[in-house]
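# Descriptive structure summary
Here is what each chain is made of, one letter per residue.
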Amino acid sequence: TDSDTADEAVRATCDDASMCKRFATSKGYWKDPYIQYFVRQVGERKAPEINRGYYARVQGMNHLLDAFLRKTACDCQVINFGAGLDTTFWRLKDENLLPKKYFEVDFPMVVARKIHNIKTKPPLSKPIIETHSSDSLLIDGHSLDSDRYCIIGADLRELPSLDEKLKKFQLNPELPTLLLSECVLVYMTPEQSSRLVHWAAETFHTAMFVNYEQVNMTDRFGQVMIENLQRRQCNLAGVEVCCSLESQKERFLKTGWESANALDMAAVYSVLPQDDMARIERLEFLDEKELLQQLLQHYSICWAFKDKLKLGLSQVAF
Ligand code: SAM
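Residues numbered from 1 in each chain as written. Predicted model: local features only at pLDDT ≥ 70, side-chain atom pairs only at ≥ 80, totals over all residues. Heavy atoms only, no water.

What follows concerns the overall build of the protein. Within the protein, the secondary structure is distributed over 12 helices and 9 strands. For the protein, the C-alpha radius of gyration of 19 Å lies close to 20 Å, the compact-globule estimate for 318 residues. Overall size of the protein, expressed as C-alpha extent along the three principal axes, is 55 × 50 × 45 Å. Counting only residues that meet the buried cut, the protein has 56% of its 318 residues in that class. Counting only contacts in the protein whose residues sit at least 6 apart along the sequence, the fraction spanning at least 24 positions is 78%. For the protein, the computed accessible surface area is about 14200 Å², with 51% contributed by carbon and sulfur atoms. Here the protein contributes 39 positive and 45 negative side-chain charges, whose respective centroids are spaced 4 Å apart. (Helix = DSSP H or I, 4+ residues; strand = E, 2+ residues; numbered from the N terminus. Rg over C-alpha atoms; globule rule 2.2 N^0.38 Å. Buried < 20%, exposed > 50% of the residue type's maximum accessible area, 1.4 Å probe, protein only. Contact = heavy atoms within 4.5 Å. Areas by Shrake-Rupley, 256 points an atom, 1.4 Å probe, with all protein chains shown as cover. Lys, Arg positive; Asp, Glu negative; His and termini not counted. Charge placed at Lys NZ, Arg CZ, Asp CG, Glu CD.)

If you want it as structure tokens, here you go:
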């Protein structure tokens, strides 16, 4: 059916993201010793502005994630929605920053591929086994459950079933929780993404939601980006609605979150640590400074929190 074709195109987007990340790490933008086990080849060259855009995306998301983990002294859980082939679990393990439990959710077909890679590549499976002490480690075709890492196959648009699966794998609503979505909500309708965000606000009393996605799509540059996504038959019903930073924040403020912030990536880029920035700006010559600015202005990070335990989540920021 049409909707199967659209979902298939959406599932394929995780390969795009991971290939771009693999390429940027091969150029030295940041280190990721694990991504090679999900994307074997470095792949074709990407333009310097794309690599810098991915650098800002990954550093920006990591900044808020790490700040949350420090604020809660890792006495928390993390749920990465639409995680695709993301390698954050392994980074946190290496940096001694693992939360009590790290959950990922994606379509069952994406999860099955991820689990297959984990099962067949010891550098991926070893850290999971090392952080697991009880006797039964569950790995089947569409889920993995260990003490500290859990991967669930589910559709983020079907909340009763998502809720049930997360609880089956010991999601604890009482624990401070960080929810991440990196380039994911844009593939749902505004109603579907609002319901997910609302589910999270209802489920946790102390939580933060960090969302990275396209914004400002109404100008010429944005239209070209939309056409590119449509050519791949992606479901973009939401794009025209969540177009501004204001509407990004509103999605959270209307669904039970206490407070919300949003920055476009040009702003994030300018507040990332300047010494590392100087390093990456020397990696590749960038001719088109203007193009990078335009690209960055079309993506944003929005973060919202509710803080019943008064942990000081408002200080988790840039
Ligand atoms: N977050 C990863 C990253 O940034 O590297 C992957 C991003 S990729 C662009 C989008 C991911 O969201 C894909 O892995 C896709 O399968 C997943 N996704 C989109 N809609 C989904 C849904 N309704 N249910 C579960 N996963 C979904």
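Neighbouring residues of the ligand: 21 residues in total, closest Lys 21, Arg 57, Gly 82, Asp 106 and Asp 155. Interatomic distance of 2.9 Å between a backbone N/O atom of Leu 156 and a nitrogen atom of the ligand. Within the side chain of Glu 182, an N or O atom sits 3.0 Å from an oxygen atom of the ligand. Taken by itself the ligand offers 590 Å² of open surface, and the protein chains cover 98% of this. (Near = heavy atom within 4 Å. Polar contact = N/O pair within 3.5 Å; in protein donor to acceptor, adjacent residues only side chain to side chain.)

Further remarks concern the nonpolar core. The nonpolar side chains of soluble globular proteins are, as a tendency, buried together. Counting residues in hydrophobic clusters, the biggest one holds 67 residues, and the most contacted among them are Trp 90, Ile 118, Tyr 149, Met 208 and Val 210. With residues near it in sequence (within four places) discarded, Val 210 still touches Met 61, Leu 64, Leu 178, Leu 179, Leu 180, Ser 181, Ile 301, Cys 302 and Trp 303. (Core = buried A, V, L, I, M, F, W, Y, C linked by side-chain atoms within 4.5 Å.)

Tallied over the full model, the rule gives 16 aromatic pairs. Here a set of aromatic residues connected by ring pairs shows up, and it is made of Tyr 34, Phe 38, Phe 89, Trp 90, Tyr 102 and Tyr 149. Lys 114 extends its terminal NZ or CZ atom over the ring of Phe 38, reaching a point 5.6 Å from the ring centre. (Phe/Tyr/Trp six-rings, centres within 6.5 Å; stacked < 30°, edge-to-face > 60°. Lys NZ or Arg CZ within 6 Å of the ring centre and 35° of its normal.)

Turning next to the sheet that holds strand β6 (residues 177-182). Strand order across the open sheet formed by 9 strands is β3-β4-β5-β2-β1-β6-β7-β9-β8, with mixed pairing between neighbours. On the outer flanks of this sheet lie β3 (138-140) and β8 (259-264), each paired with one strand and no other. Averaged over neighbouring strand pairs, the angle between their axes works out to 15 degrees when direction is ignored. Note that strand β1 (residues 77-81) and β6 share 5 bridges and pair parallel. Across the sheet, the residue bridging to Gln 77 is Thr 177, located in β6. (Pairing = 2+ DSSP bridges. Axes fitted to C-alpha atoms, helices over the stretch in contact; angles between N-to-C directions.)

Further remarks concern helix α5 (residues 122-130). Restricting attention to buried positions, one finds in α5 the residues Leu 124, Ser 125, Pro 127 and Ile 128. Within α5, the buried residues cover an arc of 160 degrees as seen down the axis, which keeps them to one side. Structural note: α5 exposes Pro 122, Lys 126, Ile 129 and Glu 130 on the side pointing more than 90 degrees away from its buried face. (Arc of directions from axis to C-beta.)

Quick look at unusual backbone geometry now. Phi is positive for Asn 96, close to 55 degrees, though the residue is something other than glycine. Residue position: Asn 96 is located in the loop between α3 (88-94) and β2 (101-106). The phi dihedral of Lys 310 is positive, around 55 degrees, even though this residue is not glycine. Positionally, Lys 310 belongs in the segment after β9 (299-307).

Turning our eyes to something else, we now look at the environment of Gly 312. Here Gly 312 is to be found in the segment after β9. Using a relative accessible area of 16% as the deciding quantity, one classes Gly 312 as buried. In contact with Gly 312, other than residues within four places in its own chain, are Lys 71 and Asp 307.

Quick look at the confidence of the model for the protein now. Summarising the model, the protein shows a mean pLDDT of 93, and 96% of its residues fall at 70 or more. Interface predicted TM-score (ipTM) for the complex: 0.99; the corresponding pTM is 0.95. (pLDDT = per-residue confidence, 0-100.)

The tally for this structure, following the rule as stated, stands at 19 salt bridges. A salt bridge links Glu 130 to Lys 93; the shortest N-O distance between them is 3.0 Å. Of the two residues, Glu 130 sits in helix α5 while Lys 93 sits in helix α3, which places them 37 residues apart along the sequence. Here Arg 251 makes a salt bridge to Glu 213, at a shortest N to O gap of 2.3 Å. Residue Arg 251 is located in helix α9 (residues 245-253), and its partner Glu 213 is located in strand β7 (residues 206-214); the two are separated by 38 residues in the primary sequence. Here Arg 251 and Glu 213 have matching classes, each one buried. Where salt bridges share partners, they join Asp 7, Asp 155 and Arg 157 into one cluster. (Salt bridge = Lys/Arg side-chain N within 4 Å of Asp/Glu carboxyl O.)

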